[in-house]
Amino acid sequence: MDESSLKVGSNEMELVDFRILNQSEDGVYEGIYGINVSKVREIIRVPKLTELPGTPDFIEGIFDLRDVVIPVVNLAKWMGITPPEGGEKDFRIVITEFNNVLIGFIVHEAKRIRRINWSDIEPATFASGSGTLDGSKITGVTKIEGDNVLLILDLESVVQDLGLYEPDVDTIPHELENFSGIALILDDSVTARKIVKEALKKMGFQVVEAIDGQEGLEKLDELYGMYGEKIADHLKLILSDVEMPRMDGFHFAANVKEDTRFKDIPIVFNSSISDHFSEIRGKEAGAEAYLVKFEASTFYDEVSRVVRAHMK
């Protein structure tokens, strides 16, 4: 995979396409799922796992990968799906890294890498009745060949549900700087927006919210309609997620920096993608900081630093 071919501002992502097979009375149904390549460290055969007593049955156990202990989640079990018998030899573990945490997910087949435009990904506005998999665990859906639908799993929410990762929201500096003005936040996750909104309000900001880059640009136009050329006196910060349907954070930032009305407003990325390449892409898109969700003290320090640097 040539990472450099994914240009900043292209509004594209690369997905690992994987399958989960469900044995029903009518035969075998193949569920098609995807995860951002930026969150995938590697894909391996299922090794010998050490079971962990007292954990839910969908946590298959742990194993040692080059001196790092990796917990392994069986996605089919977590979804309440019964796989067909005899296919275990083809099972794979997708080793993921996000929020600086390594976790393995057992999938039934890893197919290929797909390049998809974010504008072709629709937000998941449905609730699915397949086991424990509800709409809140799907960040987006997109059509692929043969009129099939690929679902992009929100693995962060899965991991949070399992208690394998908890955002640090409680660590507040002894002397929290107090600011004024507006902060625009972009994130398709209701939970993530709530965490960031509460943190920014503690810092004194009024918060305007958007669910993706497209709505973010619309909110900027609305704010310009209110404040005109003095917008930078009121809008002090844009804080954006990276992965969002319709328009991702990198494409959004590139648009903002090309617009003379908004180019001087600082942008900070706040993403669960913790690979170095994404941090570089964030800086290339014009961001002044790249934060990995959510570590409170780092968040407050970096936001304060960026906003202070733009004070007149």
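Residues numbered from 1 in each chain as written. Predicted model: local features only at pLDDT ≥ 70, side-chain atom pairs only at ≥ 80, totals over all residues. Heavy atoms only, no water.

## A word on empty space enclosed by the protein
Test applied: Residues are called lining when one of their atoms sits within 4 Å of a cavity or pocket point, these points coming from a 1 Å grid over the protein atoms alone, where a cavity is a set in which a 1.4 Å probe fits but cannot get out and a pocket is an open set with protein on both sides within 12 Å along at least five of seven lines. Grid points are joined across faces, edges and corners, and a volume is the space filled by probe spheres set on the points. Runs of H or I in DSSP of at least four residues are treated as helices and runs of E of at least two as strands, each being numbered from the N terminus.
Within the structure shown, the criterion is met by one cavity of 30 Å³ or more. Lining the largest cavity, in full, are Ile185, Leu186, Asp187, Ala192, Arg193, Val196, Leu239, Ser240, Asp241 and Asn270. Listing elements by their share of the lining of the largest cavity, those giving two or more residues are strand 11 (182–186), helix 3 (190–202) and strand 13 (235–240). When residues of the lining of the largest cavity are assigned to their parent elements, the largest contribution, three residues, is made by helix 3.

## Thoughts on unusual backbone geometry
At Arg66, a residue that is not glycine, the phi angle is positive and equals roughly 50 degrees. Structurally, the position occupied by Arg66 is in the loop between strand 4 (59–65) and strand 5 (68–74). Positive phi outside glycine occurs at Asp67, with the angle close to 70 degrees.

## Some thoughts on the pattern of salt bridges
Our working definition: Salt bridges are defined by distance alone: a side-chain nitrogen of Lys or Arg within 4 Å of a carboxyl oxygen of Asp or Glu. We call a residue buried when its accessible area falls under 20% of the maximum for its residue type, exposed when it is over 50%, and partly exposed in between, using a 1.4 Å probe and counting protein chains only.
Enumeration according to the criterion identifies 23 salt bridges in this entry. Glu109 is the salt-bridge partner of Lys111, the closest N and O atoms lying 3.4 Å from each other. Residue classification places Lys111 among the partly exposed residues on the basis of a relative accessible area of 42%. For Glu109, a relative accessible area of 30% corresponds to the partly exposed category.

## A word on the nonpolar core
Operational definition: Here the nonpolar core consists of buried residues drawn from Ala, Val, Leu, Ile, Met, Phe, Trp, Tyr and Cys, with membership extended through side-chain atoms lying within 4.5 Å. A contact between two residues is defined here by any heavy atoms of the two lying within 4.5 Å.
Core analysis: the biggest nonpolar cluster contains 28 residues, and Phe18, Ile20, Leu75, Phe105, Leu153 and Leu155 have the highest contact counts within it. For this core, the secondary structure elements donating two or more residues are strand 1 (12–24), strand 2 (27–36), helix 1 (75–79), strand 6 (92–98), strand 7 (101–107), strand 9 (138–144), strand 10 (148–153) and helix 2 (155–161). Looking at this core element by element, the count peaks at four residues for helix 1. Residues in contact with Leu155, not counting those within four places in the same chain, are Ile35, Leu75, Thr96, Phe98 and Phe105. Core analysis: the next-biggest nonpolar cluster, separate from the first, contains 25 residues, Leu223, Leu235, Val256 and Ile273 among them.

## Digging into the sheet that holds strand 9
Under the convention used in this document: Pairing between strands requires that DSSP locate at least two bridges from one strand to the other. The angle between two axes is taken between their N-to-C directions and runs from 0 to 180 degrees, where each axis is a line fitted to C-alpha atoms and a helix contributes only its stretch in contact.
Strand order in the open sheet formed by five strands is 8-1-2-10-9, and the pairing between neighbours is mixed. Each end of this open sheet is capped by a strand with a single partner; those strands are strand 8 (109–117) and strand 9. Strand-to-strand, the axes of this sheet are offset by a mean angle of 35 degrees, without reference to chain direction. Inspection of the sheet shows strand 9 paired to strand 10 by six bridges, in the antiparallel sense. Across the sheet, the residue bridging to Ile138 is Leu153, located in strand 10.

## Brief notes about the packing of aromatic side chains
One pair of aromatic rings is described through two measures. These are the centre distance and the angle between the planes. Which entries qualify depends on this criterion: Aromatic rings from Phe, Tyr and Trp, taking only the six-membered ring of Trp, are treated as a pair when their centres fall within 6.5 Å; an angle between ring planes under 30 degrees marks them as stacked, one over 60 as edge-to-face, and anything in between as tilted.
Here the structure, examined in full by the defined rule, presents seven aromatic pairs. A ring pair is formed by Phe269 and Tyr290, whose centres lie 6.3 Å apart and whose planes are at 55 degrees; its orientation type is tilted. Note that Phe269 is positioned in strand 14 (residues 267–271) and Tyr290 in strand 15 (residues 289–292), a separation of 21 residues in sequence. Note on Tyr290: relative accessible area 11%, which makes it buried.

## Description of the side chain of Asn11
Basically, it comes down to this: What qualifies as a polar contact is a pair of N or O atoms within 3.5 Å, subject to a donor-acceptor requirement within protein and to the restriction that residues adjacent in sequence count only when both atoms come from side chains.
Following the sequence through the fold, Asn11 ends up in the segment before strand 1. A distance of 3.3 Å separates the side chain of Asn11 from the side chain of Asn117, its partner in a polar contact. Once you skip the residues sitting within four places of it in the chain, Asn11 turns out to touch Ile116, Asn117, Trp118, Ser119, Arg246, Met247, Asp248 and His251.

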